[in-house]
Amino acid sequence: QVQLVESGGGLVQAGDSLRLSCAASGRTFSSYYMGWFRQAPKKEREFVAAISWSGSSTRHADSVKGRFTISRDNAKNTVYLQMNSLKPEDTAVYYCAARSDTVLSAYPGHYDYWGQGTQVTVSS
């Protein structure tokens, strides 16, 4: 099993930046591909970004390319989501997820473990 805990969310103004963190415990963190998803009220859970176990490969949703960057620090068992130029439409609960496969998947059902989520609210 893997336990994931997100942090770093909050209330910010449009155009501001946030860095989300996801701390992992349990099995070896570097053995998992990691992803970030978000879910806004009345909307389905949406893929944001994913990263390979080495950090050498990443995938970002078109809606966040150029603004968000996923990264990981295996020595700290932590994955990050740097969010710049935030927009009101980025408002959502952001979830960290882990999967024991070697595909940078955008499908939530492919992920085995999930954190509790952290709220990001962007005001206009």
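For the structure itself, look to the data block above.
Keep in mind the model is a prediction, meaning the values are calculated, not measured.

Caption draft 1: Quick peek at the side chain of S21. Relative to the assigned elements, S21 resides in strand β3 (residues 18-26). In this structure S21 touches V5, E6, S7, W36, T78, V79 and Y80, once residues within four positions along its chain are discounted.

Caption draft 2: Fine view of the sheet that holds strand β8 (residues 78-83). In spatial order, the strands read β1-β3-β8-β7; together these four strands make up an open sheet with antiparallel pairing. Among the strands making up the open sheet, the edge pair consists of β1 (2-7) and β7 (68-73). Strand-to-strand twist across the sheet, computed as the mean angle between neighbouring axes with direction ignored, equals 20°. Strand direction decides the pairing type here: β1 and β3, joined by six bridges, are antiparallel. Of the residues in β3, the one forming a bridge with V5 is A23.

Caption draft 3: Representation of the environment of D62 in the model. Here D62 is to be found in the loop between β6 (58-60) and β7. Taking relative accessible area as the criterion, D62 reaches 65% and is therefore assigned exposed. D62 sits 46 residues away from P108 along the chain, and the two C-alpha atoms are 17 Å apart.

Caption draft 4: Structural context of the nonpolar core. Residues M34, W36, L81, M83 and Y94 are the most contacted members of the largest nonpolar core, which totals 35 residues. For this core, the secondary-structure elements that each account for two or more residues are β1, β3, β4 (33-39), β5 (46-51), β7, β8, β9 (92-99) and β11 (118-123).

Caption draft 5: Summary view of the packing of aromatic side chains. In the structure shown here, the tally under the stated rule is six aromatic pairs. Ring geometry for F37 versus W114: centroids 5.1 Å apart, planes at 55°, classification tilted. Of the two residues, F37 sits in strand β4 while W114 sits in strand β10 (residues 113-114), which places them 77 residues apart along the sequence. Residue W114 is classed as partly exposed on the basis of its relative accessible area, which comes to 28%. Here the aromatic cluster, defined as three or more aromatic residues joined through ring pairs, consists of F37, F47, Y111 and W114. Positioned above the aromatic ring of Y95 is the side chain of R45, whose terminal nitrogen or guanidinium carbon lies 3.9 Å from the ring centre.

About the cut-offs
- Residues numbered from 1 in each chain as written.
- Predicted model: local features only at pLDDT ≥ 70, side-chain atom pairs only at ≥ 80, totals over all residues.
- Heavy atoms only, no water.
- Helix = DSSP H or I, 4+ residues; strand = E, 2+ residues; numbered from the N terminus.
- Contact = heavy atoms within 4.5 Å.
- Pairing = 2+ DSSP bridges.
- Axes fitted to C-alpha atoms, helices over the stretch in contact; angles between N-to-C directions.
- Buried < 20%, exposed > 50% of the residue type's maximum accessible area, 1.4 Å probe, protein only.
- Core = buried A, V, L, I, M, F, W, Y, C linked by side-chain atoms within 4.5 Å.
- Phe/Tyr/Trp six-rings, centres within 6.5 Å; stacked < 30°, edge-to-face > 60°.
- Lys NZ or Arg CZ within 6 Å of the ring centre and 35° of its normal.

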